[in-house]
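These are the residues of each chain, in order.
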Amino acid sequence: MKSASSSLDTIDYKILGALQENSRLTIKELASMINLSSTPTFERVRRLEREGYVNKYMAVLDADKLDCGFVAFCYIKMKQHTYENSMRIMQAVRFIPEIAECYNISGEYDFLLKIYTRDMKSYQKFILRILGDLDCIGSLNSSFVLDEVKNTHSIPLSL
């Protein structure tokens with residue numbers, strides 16, 4: 001079976017790597033970096049977007065400057081392992097702005113959330129007033145970030 005990325009060539013990987021590093025590059029700058037003219041570079045970028053290799057472009061904001069620098073990882077266990085409870089949690093987290101990431105995981109817990117708040121007091125309020133209202137949650141366990149060692153959205157690229 002052929003993998004999805006097998007249709008990518010070296011130039012495609014260079015484009016993806018450059019865009020992953022700086023999505024604000026102009027086509028002209030990108031073309032110069034990969035030693036290709038602007039038109040084929042533009043066409044390749046559009047194809048990579050169309051085929052879903054590039055999902056979106058975004059700005060990475062500074063959480064501390066925006067007074068949201070308290071980061072917690074919250075592990076959730078459902079009360080009962082049912083499809084309905086799982087769906088309730090997945091639907092709810094999509095609309096809670098403090099939750100930046102949510103993963104349905106294996107192991108002792110069912111979900112892992114990455115949550116940004118102002119401080120410990122705000123996190124406590126969040127747990128009691130937001131997550132506490134989800135009656136399908138049986139228990140939760142929190143870990144707090146002491147220092148950020150590495151934070152990247154980069155995917156390792158190789159041929």
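Asker: Would you take a moment to explain the overall build of the chain for this structure?
Answerer: Along the chain, the regular secondary structure elements total five helices and four strands. The secondary structure elements of the chain, listed N-terminal to C-terminal, are α-α-α-β-α-β-β-α-β. Over its C-alpha atoms the chain spans a radius of gyration of 20 Å, topping by over 25% the 15 Å that the globule rule assigns to 159 residues. C-alpha extents for the chain along the principal axes are approximately 55 × 45 × 25 Å. A buried classification covers 29% of the 159 residues belonging to the chain.

Asker: Explanation requested: helix 3 (residues 38-50) in the structure shown.
Answerer: Think of an α-helix as 3.6 residues a turn; residues three or four steps apart then line up on the same face. With 13 residues, helix 3 extends 18 Å from end C-alpha to end C-alpha; this agrees with the ideal 18 Å at 1.5 Å per step. Where helix 3 is concerned, the buried positions are Thr-41, Arg-44, Val-45, Arg-47 and Leu-48. Across the axial projection of helix 3, the buried residues extend over an arc of 160°, all falling on one side. Seen from the buried face of helix 3, the exposed residues on the opposite side, beyond 90 degrees, are Thr-39, Glu-43 and Arg-50. Residues of helix 3 that are buried make contact with helix 1 (10-21) and helix 2 (27-34). Downstream of helix 3 by a residue or two, Gly-52 has a phi angle that is positive, lying close to 85°.

Criteria and cut-off values
Throughout this description, residue numbers start from 1 for each chain and increase along the sequence as written. Whole-chain, interface and lining totals are the exception, using all residues; otherwise, since this is a predicted model, local features are given only for residues with pLDDT of at least 70 and side-chain atom pairs are given and counted only at 80 or more. Calculation of side-chain values draws on the structure's entire complement of heavy atoms; hydrogens and water are dropped beforehand. Only DSSP runs of H or I with at least four residues qualify as helices, and only runs of E with at least two residues qualify as strands; both kinds are numbered from the N terminus onward. Here the globule rule is a power law, 2.2 Å times the number of residues to the power 0.38, and the radius of gyration is based on C-alpha atoms. For every residue, the accessible area obtained with a 1.4 Å probe (protein chains only) is divided by the maximum for its type, and the residue is called buried under 20%, exposed over 50%, and partly exposed between those limits. To estimate the expected span of a helix, count its residues, drop one, and scale the result by 1.5 Å. It is the directions from the helix axis to the C-beta atoms that the arc portrays. We call two residues in contact whenever any of their non-hydrogen atoms come within 4.5 Å of each other.

It is worth stressing that arrangement in space is one thing and function is another; only the former is reported here.
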